[in-house]
Amino acid sequence: MDLRPYLGKLPELGQRVYVDPAATVIGDVALGDDVSIWPGTVVRGDVNFIRIGARTNIQDGTVVHVSHDGPHAKLGGFATVIGEDVTIGHKAVVHACRIEDAALIGMGAIVLDGAVVKKHGFVGAGALIAPGKTVGEGEMWLGNPGRFARRLSEAEIEALYYSAQHYVRMKDRYLAGE
């Protein structure tokens, strides 16, 4: 597992965390219990902090980063805060935003500075959530630029929790060396 300090801050790991040997976690990052970080993922908390809640999975090739406040920053600097039971699909970019509990960010999706994905929010594969936008609770957003498509059904919301639990079981098998 590649954990690197930055400016004296080493990532903090909760219990039963899996960080794949091909993933990199740098700086002011805290991972909650049962988090999984999959191959090729970079979680870089250098100019601000990153917090990732329990049972969240961040899949292969994803980039999680932050922004700083400076003379040319229109929205100021933002940390990245990701809630519990979140699934972030392969090759997503999660940059300086907030993603609340039991949300799903699809493969190749991009969520930018100051954006918020509320609880049970669903950002479809390849969607772009522009800076400062809010995906409402239980909403599905699709496209580039991302736009509201529809509300999630109860079954789809249940599937968000299933996805998080599935990845907890998978990372447990990886940790056990199976």
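This text follows the structure it describes.
Report on the accompanying structure. A quick note: this is a predicted structure, and the numbers were derived from the prediction, not measured.

Thresholds applied
Residues numbered from 1 in each chain as written. Predicted model: local features only at pLDDT ≥ 70, side-chain atom pairs only at ≥ 80, totals over all residues. Heavy atoms only, no water. Helix = DSSP H or I, 4+ residues; strand = E, 2+ residues; numbered from the N terminus. Buried < 20%, exposed > 50% of the residue type's maximum accessible area, 1.4 Å probe, protein only. Contact = heavy atoms within 4.5 Å. Lys, Arg positive; Asp, Glu negative; His and termini not counted. Charge placed at Lys NZ, Arg CZ, Asp CG, Glu CD. Phe/Tyr/Trp six-rings, centres within 6.5 Å; stacked < 30°, edge-to-face > 60°. Pairing = 2+ DSSP bridges.

Once that is clear, we can look at the overall build of the chain. Tallying secondary structure elements over the chain gives one helix and 20 strands in all. Across the 178 residues that make up the chain, the buried fraction comes to 48%. Taking contacts inside the chain between residues at least 6 apart in sequence as the whole, the part at least 24 apart equals 24%. Between the mean site of the 18 positive side-chain charges and the mean site of the 21 negative ones, the chain shows a separation of 5 Å.

Moving on, we get to unusual backbone geometry. The residue after N144, namely P145, is reached through a cis peptide bond having omega 5°. Considering the arrangement of structural elements, one finds P145 in the loop between β19 (139-142) and β20 (147-151). The phi dihedral of K91 falls on the positive side, at around 60°, and the residue is not glycine. Its location among the elements puts K91 in the loop between β10 (87-88) and β11 (93-95). The phi angle at H120 is positive, at roughly 65°, despite the residue not being glycine. Relative to the helices and strands, H120 resides in the loop between β15 (116-117) and β16 (122-123).

For the structure shown, the criterion picks out four aromatic pairs. Between the aromatic rings of W38 and Y167, the centroid separation amounts to 5.8 Å while the plane-to-plane angle is 70°, which identifies the pairing as edge-to-face. In this pair, W38 sits in the loop between β5 (36-37) and β6 (42-52) while Y167 sits in helix α1 (residues 154-175), placing the two residues 129 residues apart along the sequence. Note on W38: relative accessible area 3%, which makes it buried. Of the aromatic side chains, those joined through ring pairs into one cluster are Y18, W38, Y167 and Y174.

If you trace the eight strands from one edge of the open sheet to the other, you get β3-β5-β7-β10-β13-β16-β19-β20, paired in mixed fashion. The outermost strands of the open sheet, each flanked by one partner alone, are β3 (18-19) and β20. Bridging between strand β7 (residues 57-58) and β10 involves two bridges; their strand directions are parallel. Looking at β10, one finds that N57 is bridged to T87.

It is worth spelling out the pairing of β20 at this point. One face of the sheet, then the other: side chains in a regular strand alternate in exactly this way. Here four bridges tie β19 to β20, and the two strands are oriented antiparallel to one another. Its bridge partner lying in β20, L142 is registered against R147. In this antiparallel pair of consecutive strands, β19 and β20, the connection spans four residues, and G143 shows a positive phi of 95°.

As a further point, take the pairing of strand β4 (residues 24-31). The buried fraction of β4 amounts to eight of the eight residues, a majority that puts the element mostly inside the structure. Sheet topology note: the strand β1 (residues 2-4)/β4 ladder contains three bridges and is parallel. For L3, the partnering residue across the bridge sits in β4 and is V25. With seven bridges joining them, β4 and β6 adopt parallel strand pairing. Paired with L31 across the strands is I52, a residue of β6.

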